[in-house]
Amino acid sequence: MELSERYDPKQAEPKWQKYWAEHQIFKFDPHSKKEIYSIDTPPPTVSGKMHLGHAFSYSQGDFIARYRRMKGNNVFYPFGTDDNGLATEKLIEKTKNVISKKMERNAFIQLCVETLEEIRPAFVQDWKRIGMSCDFSIFYSTINEHCRRISQRSFIQLYKQGRIYQKKAPIIFCPACKTAIAQVEMEDVEKDTTLNYIKAKIETGEYIIYATTRPELHPGCVGISLDEQGDYVTVQRDTGEKWIISRDAVEKMNPEFPMTIVKKFKGKELVGKRVDVPFSQKPVSVTHDVSAKTGYGSGIVFYCTYGGLDCVEWMARHPTVQPILIMDESGKYNNLSPYQGMNSINARKAVLEDLEKKGVLLKKEPLHHTVNVHERCGTDIEYVATTQWFVKYLDLREQFLEAGTRLQWYPPHMKVRYDNWIKGLNWDWCISRQRHFGVPIPVWYDEKGVVILPDERQLPVDPLKDKPKGYKGKLTPEKDVLDTWATSSMTPQLAVELFDNETLQRKLFPMSLRLQAHDIITFWLFNTLVKSQLHYGINPWKDVVISGHAQDPHGKKMSKSKGNVIEPQLMVDKYSADALRFWAAGSKLGDDLPFMEKDLMTGQKFITKLWNASKLGLMHLQDYGEGPVTEVFDRWLLSKLQKLIKESTETFEKYEYSRTKAEVENFFWHTFCDYYLEIVKDRLYNSEKRGIPARKSAQQGLYWSLLSILKMMAPIMPHITEEIYHTYFASREGMKSIHLSSWPAYNDRDINEEMELVGDIGVDIINTVRRFKSEQQLSIKEEFSELILSSEEAAFPETISPLIEDLKAVLNVKHISFTGDTSLQSEKFALKIGLKR
């Protein structure tokens, strides 16, 4: 069967995707004796459609899965979706025109499950369309009954271990989403604000000066601190007032506030003195604190409950101080504040006006600083004291760091992000969320407030409607749900436990590989490792492969608000899925990659060239049969091919797919197409003239190089390679798919350095003649009567004599002769062109 004139990806790609599904090409076989290679895949959120970042990173993961399959592994490659978070809740509310909190929770969960069943096929089709080779029959949704059961079981087991506890404590809170969030859900954003200098009267009669960016928290002020060993001064103002500031602050505040130093002293002189802070509940005492720096602001610091992590840490260092909680769980100020009912933005504006009216606001200094926001909605976070559930793990930081050293990191430098995250942890993991939708925390409280847990066999439960089996007393249900990461951190179990076979589960877990992007190392990777260490005492995977991000052409993050989003669906329509995957393979592992449409054009050109080269090659392989390789250029090609196979295998084993792609691409364009195909055409077309053995030798080079190129590009460009493979090679190898065939095996017996050297000399001769014709503006097919070669080496004629007939054919010359005339010599040889006859 011959290839058609042109390859049409619009027809071929859907055809092969259907074929793979119908023939279960990528189905995991639980009964196979092959070595299992299990992959922990990131479950995307069904909240729209695939974006370019998905196409970029998931393609890179798929390269690896397809390679491992061709290496003979029984690949476990499930597909799940993350459906228990805020994004899903908002999607269902919008799609079904409902409000989750006005529905019974189980009814809303059921509505989510049913709606997701409706919309998921179209969503998942985007993944299938780019050629993902997951076993889509191994599927989980993080909100379905199976996943809720596993997530709740994890909670119960960790609670019984003493690793889960409940307490009222300041937690990171999103006022917009009205829920607690974890440290990993924050991101840093640069914002403009003001550093506000304020005066407060101290019991000695002077005013101390302090600076704050959070003046709205004055009603919650619990302390004023300084450095007891720091240098401070009392200054006389021209108004008669005396101010106390750090020595370093004098220069910063002059000449805006003319002043004269009247006293110098150490900060410890003020420790214990009482200060009347504007709008505070009561006077506070001056204390020493390690966080107070004489070089920042006025050198005197204002603390409240809670202005940020620094205030939380200050309270921990001053345990006798009682918090004044002025913000409730709505993210608004309560009746302890004059700004009751306001959020921080409005209260800040109001308190600054009031401070100015009282004459205690000295100045507002513009400040560009870093603010923590909720990564989901971009809202400035608050610290609010509420009762929450936590996983205790700060005491295990060294264990987690050591566990990280036992993972194989690709690329290795990504481990630094993991290590830095653990070293910077300040909180235990807050796993409760004040949301209606999600995986319910499986807890009730008896009349004395004692926690009651269900039997694991009863899971999943919803305490709002269920009761623990056999319990007769009065119970109060827990209303909160689990943080979505508390469930997503169990993805190995969510996938593996779809098989009710403990022996198989032990083969699948720990898993071989975790694939993910670098931005969720602190979210998904760390939390999954934590759960695995706490439950099983082992790492959840052997290898960790970290991808980068797809960026816009200017190297910027894509976002709808910036209008720089590129939809992968449109790129597949315009070019092909294989071209998009070709682009994704151009990124070094872990690196971000700006999107350049020209890269897809390059991929499409590669497809066209591969099709045309294969069309030419298969035309001459219809009568192929194994035989000896007798010609130098064929042995030259096969020797270079073996080196390519060795290098490509080694790089793929290290997940360096971009190097494999680059090396195979280079070999295909230059060694195979530019030289080899042109060299052997005469032997393939003119067997009467060149002889049958010469043609059969060319067929050997053609067959093995073309088959190997197809196989090495198959993980990256699965559709075009499958189309060509099925046209000829599938029947010869007896395989249903190129993706089930064997990866090319390295054979060092085909390595022949001498043949490579001779062949390289032949290629140099070809390049020199081609360059001459180009310089003379002659057609590459221009015929010449004689080519004269010169070399200092006496053995030169004998060395290249086996190439003469191939060189005459490819260069279109009638005769090649040799001379010892060194005046012709240029580098390795020189040439002289005879007259055209």
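Within any chain, residue numbers begin from 1 and follow the written order of that chain's sequence. Totals for whole chains, interfaces and linings use all residues, but because this is a predicted model, local features are given only for residues with pLDDT of at least 70 and pairs of side-chain atoms are given and counted only at 80 or more. Here the side-chain values reflect all heavy atoms present in the structure, with hydrogen atoms and water set aside.

Participant: What is the right way to look at the overall build of the chain in this model?
Facilitator: Per the convention used, a helix needs a DSSP run of H or I reaching at least four residues, while a strand needs a run of E reaching at least two, with both numbered from the N terminus. The number of helices and strands found in the chain is 26 helices and 31 strands. Rg of the C-alpha trace for the chain: 36 Å, well past the compact-globule value of 28 Å for 837 residues, more than 25% over. If you line up the chain on its principal axes, its C-alpha atoms span 115 × 75 × 45 Å. When a residue's accessible area, from a 1.4 Å probe over protein chains only, is under 20% of the maximum for its type it is buried; when over 50% it is exposed; and in between it is partly exposed. Out of the 837 residues in the chain, the part that is buried amounts to 57%. The contact definition used throughout considers only heavy atoms, calling two residues in contact when any of these lie within 4.5 Å. If you take every contact in the chain between residues at least 6 apart in sequence, the share linking residues at least 24 apart comes to 78%. The Shrake-Rupley method, run with a 1.4 Å probe, gives the accessible areas here. Residue values count only the displayed protein chains as cover. Total accessible area on the chain stands at roughly 36,500 Å², and carbon and sulfur atoms take up 49% of it. Working convention for charge: Lys and Arg count positive, Asp and Glu count negative, and His plus the chain ends are omitted. Charge positions come from single atoms, namely NZ of Lys, CZ of Arg, CG of Asp or CD of Glu. Taking the average place of the 113 positive charges on the side chains of the chain and the average place of its 112 negative ones, the gap between the two points comes to 4 Å. As defined in this context, the radius of gyration uses C-alpha atoms, and a globule is described by 2.2 Å times the residue total to the power 0.38.

Participant: I tried to follow the pairing of strand β10 (residues 231-237) on my own but got confused; where do I start?
Facilitator: In terms of residue burial, β10 counts as a mostly covered element, since 5 of its 7 residues are buried. Two strands qualify as a pair provided that DSSP identifies no fewer than 2 bridges between them. One ladder, built from 7 bridges, connects β10 with strand β12 (residues 259-266); its direction is antiparallel. When the sheet's bridge partners are listed, valine 233 is paired in β12 with lysine 264. The pairing of β10 with strand β11 (residues 242-246) spans 5 bridges and is classified as antiparallel. Paired with valine 235 across the two strands is tryptophan 243, which belongs to β11. Here β10 folds back onto β11, and the loop between the two strands holds 4 residues, one of which, glycine 240, carries a positive phi near 100 degrees.

Participant: Help me understand a negative patch on the surface in this model?
Facilitator: Taken together, the side chains of Glu187, Asp188, Glu190 and Glu375 present a region of like negative charge at the surface. Position of glutamate 190 among the secondary structure elements: in strand β7 (residues 186-202). Patch rule: a residue counts if its relative accessible area is over 30% and it has no salt bridge; like charges are joined within 9 Å, and nonpolar side chains (Val, Leu, Ile, Met, Phe, Trp, Tyr) within 5 Å. The salt bridge definition used is simple: a Lys or Arg side-chain nitrogen within 4 Å of an Asp or Glu carboxyl oxygen.

Participant: Explain the environment of glutamate 723 to me, please; I cannot follow it from the model alone.
Facilitator: For glutamate 723, the location among the structural elements is in helix α22 (residues 718-727). Distance from glutamate 723 to glutamate 13, taken between C-alpha atoms, is 8.9 Å for residues 710 residues apart in sequence. Glutamate 723 has contacts with Tyr7, Ala12, Lys15, Trp16 and Trp611, leaving out every residue within four places of it along the chain.

Participant: Would you mind showing me how to read the nonpolar core here?
Facilitator: The definition of a nonpolar core used throughout is a set of buried Ala, Val, Leu, Ile, Met, Phe, Trp, Tyr and Cys residues joined through side-chain atoms within 4.5 Å. Ranked by internal contacts, the top residues of the largest apolar core, which has 190 residues, are Trp583 and Phe672. Ile172, Val222, Val286 and Cys311 belong to the second-largest nonpolar core, a separate cluster that totals 58 residues.

Participant: Looking at this structure, I do not really get the sheet that holds strand β25 (residues 511-517). What am I missing?
Facilitator: In sheet architecture, strand pairing relies on hydrogen bonds along the backbone and comes in two forms, parallel and antiparallel. As summarised here, the arrangement of the 5 strands in space is β2-β1-β25-β26-β18, forming an open sheet in which the pairing is parallel. The outermost strands of the open sheet, each flanked by one partner alone, are β2 (74-76) and β18 (408-410). Neighbouring strand axes in the sheet, compared pairwise and without regard to direction, differ in orientation by 20 degrees on average. The pairing of strand β1 (residues 36-40) with β25 spans 2 bridges and is classified as parallel. Looking at the pairing, aspartate 40 lines up with arginine 514 of β25. All axes are obtained by fitting lines to C-alpha atoms, using only the stretch in contact for helices, and the reported angles, taken between N-to-C directions, cover 0 to 180 degrees.

Participant: Quick question: what am I supposed to make of the sheet that holds strand β5 (residues 164-174) here?
Facilitator: Pairing is antiparallel across the open sheet formed by 4 strands, whose spatial order is β6-β5-β17-β19. The open sheet has two edge strands with one neighbour each: β6 (179-180) and β19 (429-430). Pairing analysis gives 10 bridges linking β5 to strand β17 (residues 382-391), with the strands arranged antiparallel. Of the residues in β17, the one forming a bridge with glutamine 166 is tryptophan 389.

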